[in-house]
Amino acid sequence: MTKSAILILLGPPGAGKGTQARMLEEKFGLVQLSTGDLLRAAVAAGTEAGKEAQAVMSAGGLVSDEIVLAILKDRMAEPDTQKGVILDGFPRTAGQAEALDDLLAAQGQSIGAAISLDVDDAAMVERVSGRYTCANCGEGYHDSFKQPAVAGVCDKCGSTEFKRRADDNAETVSARLESYHAQTAPLITYYEGKGVLSRVDAMGEIDRVAADLAAIVTQVTD
Ligand code: AMP
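Just so it is clear, the model here is predicted, and its values are computed rather than measured. (Residues numbered from 1 in each chain as written. Predicted model: local features only at pLDDT ≥ 70, side-chain atom pairs only at ≥ 80, totals over all residues. Heavy atoms only, no water.)

Asker: Would you mind going over the pairing of strand β1 (residues 5-10) in detail, with residue names and values included?
Answerer: The buried fraction of β1 amounts to six of the six residues, a majority that puts the element mostly inside the structure. Residues of β1 alternate between two faces, with Ala-5, Leu-7 and Leu-9 on one and Ile-6, Ile-8 and Leu-10 on the opposite face, all of them buried. Relative to strand β3 (residues 84-88), β1 is paired through five bridges, and the arrangement is parallel. Residue pairing across strands places Leu-9 opposite Asp-88, the latter belonging to β3. Sheet analysis places β1 next to strand β4 (residues 113-118), joined by four bridges and oriented parallel. By the bridge assignment for β4, Leu-9 is matched with Ile-115. (Buried < 20%, exposed > 50% of the residue type's maximum accessible area, 1.4 Å probe, protein only. Helix = DSSP H or I, 4+ residues; strand = E, 2+ residues; numbered from the N terminus. Pairing = 2+ DSSP bridges.)

Encoded structure:
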C-alpha cells in the first residue's frame, strides 16, 4: 500500500457495513472506525457525551453532529489511523460530510472511495433484528443466516458469551431506516459529485460482497 486510504462505507442499518469493514481491516491492514461503536463505548463509560447520546440512540435517531465530530476527531488523532481508515457509519449528515472534508484537507488527505452498499430496505428489518455478536471478539452472527459452527461457541475465538444491541429491535430499526433515508442517503449524490462514489450490490453472499469491495479498495490503495 503506497498511500493512506480513507474509505467510507455508506448503507442503511443491516447493509453489512460492520461485517465488511472488519473483513477489509484484516485484508488491507486498515483501521475500522465505527462512530456507532465509539458512541456505545461512551454510553457504557457514562461520559457526558454518552449520556446525551443514549436516548437518541435508543429512539433510532441521529446523535448531534457536535458530539459525533468530537468523538471522531479524537479517534482520528490516534496513531493507528495513519495507515488508513474505513469509516463505518460516518458521515451520516451533510454537516458531517463537510466537516470530514475540512478535517482531511487540513491534513493534506482526501477521500479514496465512498462505497454505497445497496440493499432492499424490506429485508433490513429481519437482518438487523436477528443479529448478535461475540462479546469477546466482536464476530457477527445471525439467528437465521449465520449461526456458529458449534452452537453457542464463537467460531473465531471460542468464547461462549454473545450480545445483542439494545437498538436492534424491529421498532427502532424502522426509525433508523427513516433517519438513513432522510439524512444519510443524500450523501450518495454528494460523493458521486466528487467523483469518488462506487456502488456494490450488498444483497448477495457476504464473501461475494467482500470480493467486490476488495476490488475497489485495491484500486484505491495501489
Ligand atoms: P450504528 O452502530 O452505526 O448502527 O449506530 C448506532 C446508533 O448510533 C445510530 O442509530 C445513531 O443513533 C448513532 N450514530 C452512529 N453514528 C452516527 C453518526 N455518524 N451520526 C449520528 N448518529 C450516529
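Asker: Explain the pattern of salt bridges to me, using residue names and the numbers behind them.
Answerer: It is possible for side chains bearing opposite charge to pair when their charged atoms get close. Considering all chains together, one arrives at 17 salt bridges under this definition. Arg-75 serves as the salt-bridge partner of Asp-80, at 2.8 Å between the closest nitrogen and oxygen. Relative accessible area serves as the criterion here: at 31%, Asp-80 is assigned to the partly exposed category. Across the pair Arg-176 and Asp-168 runs a salt bridge whose closest N-O atoms are separated by 2.9 Å. By sharing partners, the salt bridges in this structure join Arg-22, Glu-26, Glu-139, Lys-146 and Lys-156 into a single network. (Salt bridge = Lys/Arg side-chain N within 4 Å of Asp/Glu carboxyl O.)

Asker: Let's hear about helix α5 (residues 94-106): which residues, and what values?
Answerer: Taking 1.5 Å as the rise per residue, α5 with 13 residues should run 18 Å; its terminal C-alpha atoms sit 19 Å apart, in good agreement. Taken residue by residue, α5 has Gln-96, Ala-97, Ala-99, Leu-100, Asp-101, Leu-103 and Leu-104 as its buried positions. In this structure, the buried residues of α5 make contact with β1, α4 (65-76), β3 and α8 (186-193). Two residues or fewer after α5 comes Gly-108, characterised by a positive phi angle close to 70°. (Expected span 1.5 Å × (residues − 1). Contact = heavy atoms within 4.5 Å.)

Asker: Hey, could you go over the sheet that holds strand β2 (residues 31-34) for me, with residue numbers and the actual values?
Answerer: What the five strands build is an open sheet, ordered β2-β3-β1-β4-β8; its pairing is parallel. This sheet does not close on itself; its edge strands, each paired only once, are β2 and β8 (197-201). Neighbour to neighbour, the strand axes of the sheet diverge by 25° on average, direction disregarded. Seen against the sheet, helix α9 (residues 206-221) touches β1, β4 and β8 and runs at an angle of roughly 160° to β8. (Axes fitted to C-alpha atoms, helices over the stretch in contact; angles between N-to-C directions.)

Asker: How would you explain the site of the ligand if you had to name every residue and give the values?
Answerer: Taken together, 16 residues lie near the ligand, and Thr-35, Arg-40, Gly-61, Arg-92 and Gln-96 sit nearest. Residue Gly-89 places a main-chain N or O atom 3.0 Å away from a nitrogen atom belonging to the ligand. The side chain of Arg-165 places a nitrogen or oxygen atom 3.0 Å from an oxygen atom of the ligand. About the coverage of the ligand: the protein hides 96% of its 480 Å² of free accessible area. Split into classes, the residues belonging to the shell around the ligand amount to six nonpolar, five polar and five charged. (Near = heavy atom within 4 Å. Polar contact = N/O pair within 3.5 Å; in protein donor to acceptor, adjacent residues only side chain to side chain. Areas by Shrake-Rupley, 256 points an atom, 1.4 Å probe, with all protein chains shown as cover. Nonpolar A, V, L, I, M, F, W, Y, C, P; charged D, E, K, R; others polar.)

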